[in-house]
Every structure is written in structure tokens, then in C-alpha cells.
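# Chains, contacts and geometry: an overview
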Amino acid sequence: MSDSRKQEYLSQILQMNPLEQPAEILNRRKLFLQPQSDRRLYDSMNSSYEERRAQILEQMNSLRKHFWSFKTSVIEQRLNEIDIADFPELTFAIGRLKKIAALRESFSQLQHRCENCEEFYTQFSTLVISSPAEAERLRSVTFSPSAANTLDFELPRLEDHRELARIVQQEFPELHALEKDWINQLAATSKKSNAIAWMVQTLHTLIAITAGISVVLILYLCL
């Protein structure tokens, strides 16, 4: 066996992620040890692996889409039916969805506490069941109004989110554990957001008053 072939094999293997590509790594090892084996069989196995993984991800996304409208028993049954034996990298995602399904009663109680601020519950319940990539995007979304709505800061609304984050911390530890950093950051930064919003609102009010006085003075001088 030539050194160049060994080096090529090692180079390919070292670039693969054992958590995401276990089947492909095993297939490449088999092909390396048995170069006389049919290359078409290897390509077929690899294609089948990718197709099965894509199907499982599609199943999981479909379940996430209807997660809160399904009964807990239906969710648990569908999760148990998903075979991830060849896809260990999906173990965490499946386990997380099972844990959330088991906490359905706690989520119902939290939803009741959020009657006057449904936006908080919607954001939180969506975040916890999202795929890792989507969850990362949602964590970067703040509850503060966008820059385009700077003139319309709603101070009570921001305070509601801070208060609900505190409630999750103190009264729903099992839910808090699901998104500890996000909840803690929300509870800690909302006070600052309120202060900033109040300062901006006060500034705009002063500008409006100054503009009004200026108009009155101009009209007076024109008399």
C-alpha cells in the first residue's frame, strides 16, 4: 500500500466530524481496507445515509411545527418512532423535545401566568423547541422595540417581560433550566432597557416642546 494513498485517506478522515458523519467514516475505512470493493456500493450507502438523515430532520421539523397543538402522548409516540441509531448527533435534539413534552403541564401553567403578555410565552415556547440554528437566531432577538419604533417605546411592556423572566427563574426551575442564559439575560437587561427607553422618550418630549416654543416665537415675531 503506497504512502500517498495512506496520506490521502488520513487527510479525508481528519476532515470529517465523527458526530455528524459516523456512517461515512466507516464506509471510507472499509473502502480503504478493501479497495477492491465496489465503489458504486459505497456511493449508494452514502447516498442512503444522507437521504435517511434528511427524512429524519424533516420529521423533526414537522413535529416542531405542530408541537404545541399535539397531545403529549402523540408527541412522545412520534419521537419514539424516530430511529436515530445511525445518527448519534441527533440524540440531544430528540432528548430535548422529549423533556419539553414531559413538562407540558408546567408550560400550561406558565401560559396562564402570561395572559397579559402573550408575546413572552410565544417567544419562549418557540425558542425551546426550535432547531439549534433557529434557536441561536431567536436568542439574539430582544424584546425591545426596533430602532424604527424608537418614538413608541412601551415601558410597561418591557417591564412585563422582565417580571415574567423573574417568575420563570423563581417558580419554574425546570423551564428555567431549558434556557437559563436567555432568561437570565432578559431579566438582567430589561431594567437597563427601561431606563434607556425612558431617557429616549424624555428627550423626544423635550425636543417636541422646544420645537413648539420655537414655532410660537416665530409667529409672535411675525406679528
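This write-up is about the structure you can find in this document. (Residues numbered from 1 in each chain as written. Predicted model: local features only at pLDDT ≥ 70, side-chain atom pairs only at ≥ 80, totals over all residues. Heavy atoms only, no water.)

Contact geometry of helix α4 (residues 72-81) with helix α5 (residues 91-102) gives a least axis separation of 10 Å together with a crossing angle of 165 degrees. As summarised for this structure, α4 and α5 are arranged roughly antiparallel, according to the angle between their axes. When you trace α4 past α5, the crossing you get is left-handed. Touching T72, I75, E76, L79 and N80 of α4 are I94, L97, K98 and A101, all from α5. (Axes fitted to C-alpha atoms, helices over the stretch in contact; angles between N-to-C directions. Helix = DSSP H or I, 4+ residues; strand = E, 2+ residues; numbered from the N terminus. Parallel < 35°, antiparallel > 145°, perpendicular 65-115°, else oblique. Left-handed = near helix turned anticlockwise from the far one by under 90°. Contact = heavy atoms within 4.5 Å.)

Attention shifts here to the environment of F32. If you trace the backbone, F32 turns up in helix α2 (residues 22-33). According to the relative accessible area criterion, F32 is buried, its value standing at 13%. Distance from F32 to K6, taken between C-alpha atoms, is 8.4 Å for residues 26 residues apart in sequence. (Buried < 20%, exposed > 50% of the residue type's maximum accessible area, 1.4 Å probe, protein only.)

The subject of this paragraph is the nonpolar core. With 41 residues, the main nonpolar core has F107, L110, F120, F124 and L175 as its most contacted residues. Among the secondary structure elements, those contributing two or more residues to this core are α3 (39-65), α4, α5, α6 (104-113), α7 (118-129), α8 (132-139), α9 (155-171) and α11 (180-222). For this core, the element with the highest residue contribution is α7, accounting for 6 residues. If we skip the residues at most four places from it in the chain, F124 touches F107, L110, L175, E179, W182 and I183. By size, the runner-up hydrophobic cluster in this structure holds 5 residues, among which are Y9, I13, I25 and F32. (Core = buried A, V, L, I, M, F, W, Y, C linked by side-chain atoms within 4.5 Å.)

We now examine the environment of E119. Turning to its location among the elements, E119 is positioned in helix α7. Separated by 42 residues in the primary sequence, E119 and H161 have C-alpha atoms spaced 8.8 Å apart.

Quick look at the pattern of salt bridges now. Under the counting rule described, the total for this entry stands at 10 salt bridges. As a salt-bridge pair, R113 and E171 come within 2.5 Å of each other at their nearest N and O atoms. Taken together, the residues R113 in helix α6 and E171 in helix α9 connect sequence positions 58 residues apart. Of the charged contacts, one joins R162 and E159 as a salt bridge, the two residues approaching to 2.9 Å between their closest N and O atoms. Of this pair, R162 and E159 both sit in helix α9, 3 residues apart, which is roughly one turn of that helix. Since its relative accessible area comes to 29%, E159 is described here as partly exposed. (Salt bridge = Lys/Arg side-chain N within 4 Å of Asp/Glu carboxyl O.)

This brings us to α5. The periodicity of an α-helix, 3.6 residues per turn, causes residues three or four positions apart to be oriented the same way. Its 12 residues give α5 an end-to-end C-alpha distance of 17 Å, which sits within 8% of 16 Å, the value for a rise of 1.5 Å per residue. Among the residues of α5, A93, I94, R96, L97, I100 and A101 are the ones counted as buried. Here the buried residues of α5 occupy an arc of 160 degrees about the axis, which is enough to place them on one side. Facing away from the buried side of α5, by more than 90 degrees, are the exposed residues F92 and A102. (Expected span 1.5 Å × (residues − 1). Arc of directions from axis to C-beta.)

These figures come from the coordinates and say nothing about function on their own.
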